Amino acid sequence: MSSENEIIAGRWFTDFWGKTCNLGIVDELAAPDMLLQYSLHEPRRGREDVKAFMTGFREAFPDLNFWGAADLIAEGDYVVGRWEGGGTHTGPAFSDFLRGSLPAATGRKRRFTGTTVLKIVDGKIVEEVGLDDGVTALTQLGLIRAV
């Protein structure tokens, strides 16, 4: 089961978080009530909410891209991945950060790292919970100041 889950996670990371996003992957691989939770953003629940999150994120950061930084680790229902990613805020205002909002097209670039844990049950992703380097990202975007 772990190798099947690793394949599902790999497709999710490539097709949902990769350079080009295929929102159809949400209907294919996500459970109907999937939880998407990262430290920078409000938790999202359900396929439509997850799609809405990514649509807004990619409108604000059109060059958004994430890629693996290490091999995936799979055990039972869980797959863990380390990643790097980022993008440039050239799109509309973005207010999904817990720390504050960005006005439209700030031109600010962000590049940061994180770790994600996917829980996959019966071939569907039921949870994606991640810890990202929020301090770096928010500093780069000007939402917090480095001391």
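About the cut-offs
Residues numbered from 1 in each chain as written. Predicted model: local features only at pLDDT ≥ 70, side-chain atom pairs only at ≥ 80, totals over all residues. Heavy atoms only, no water. Salt bridge = Lys/Arg side-chain N within 4 Å of Asp/Glu carboxyl O. Helix = DSSP H or I, 4+ residues; strand = E, 2+ residues; numbered from the N terminus. Buried < 20%, exposed > 50% of the residue type's maximum accessible area, 1.4 Å probe, protein only. Phe/Tyr/Trp six-rings, centres within 6.5 Å; stacked < 30°, edge-to-face > 60°. Core = buried A, V, L, I, M, F, W, Y, C linked by side-chain atoms within 4.5 Å. Contact = heavy atoms within 4.5 Å. Pairing = 2+ DSSP bridges.

**Brief notes about the pattern of salt bridges**
In total, this model carries six salt bridges according to the counting rule given. The shortest N-O distance in the salt bridge between Glu 28 and Arg 11 comes to 2.8 Å. Taken as a pair, Glu 28 in helix α2 (residues 24–29) and Arg 11 in helix α1 (residues 2–15) lie far apart in primary sequence, 17 residues in all. On the basis of relative accessibility, which here comes to 39%, the residue Glu 28 falls in the partly exposed class. Between Asp 27 and Lys 51 there is a salt bridge, with its nearest N and O atoms 2.8 Å apart. Of this pair, Asp 27 sits in helix α2 while Lys 51 sits in helix α3 (residues 47–60); the two residues are 24 residues apart in sequence, bridging distant segments of the chain. Among the residues examined, Asp 27 registers a relative accessible area of 37% and is labelled partly exposed. Salt bridges linked by common partners bring Asp 27, Glu 48 and Lys 51 together as one network.

**What about the packing of aromatic side chains?**
Summed over all chains, the structure comprises 14 aromatic pairs. Aromatic side chains Phe 94 and Phe 97 sit 5.1 Å apart centroid to centroid with 75 degrees between the ring planes, which places their arrangement in the edge-to-face category. An aromatic cluster is present here, built from Trp 12, Phe 16, Trp 17, Tyr 38, Phe 53, Phe 57, Phe 61, Phe 66, Trp 83, Phe 94, Phe 97 and Phe 112 joined pairwise through their rings.

**What about the nonpolar core?**
Core analysis: the biggest nonpolar cluster contains 36 residues, and Trp 12, Phe 16, Trp 17, Phe 57, Phe 61, Phe 97 and Ile 125 have the highest contact counts within it. Mapped onto this core, the elements with two or more residues apiece are α1, α2, β1 (30–38), α3, β5 (78–88), β6 (94–97), β8 (109–121) and α4 (134–140). For this core, the element with the highest residue contribution is α3, accounting for five residues. If near-sequence neighbours (up to four positions away) are discounted, Trp 12 is found in contact with Trp 17, Ile 25, Val 26, Leu 29, Ala 30, Met 34, Val 50, Leu 118, Ile 125 and Glu 128.

**A few points about the pairing of strand β9 (residues 124–132)**
Pairing of β1 with β9, which is carried by five bridges, proceeds in the parallel orientation. Pairing of Leu 35 across the sheet is with Glu 127, part of β9. Where β8 lies against β9, eight bridges are found, and the strand directions are antiparallel. Bridging from a neighbouring strand, Thr 115 pairs with Leu 131 of β9. Hairpin remark: β8 followed by β9, antiparallel, with two residues in the connecting loop; positive phi at Asp 122, about 50 degrees.

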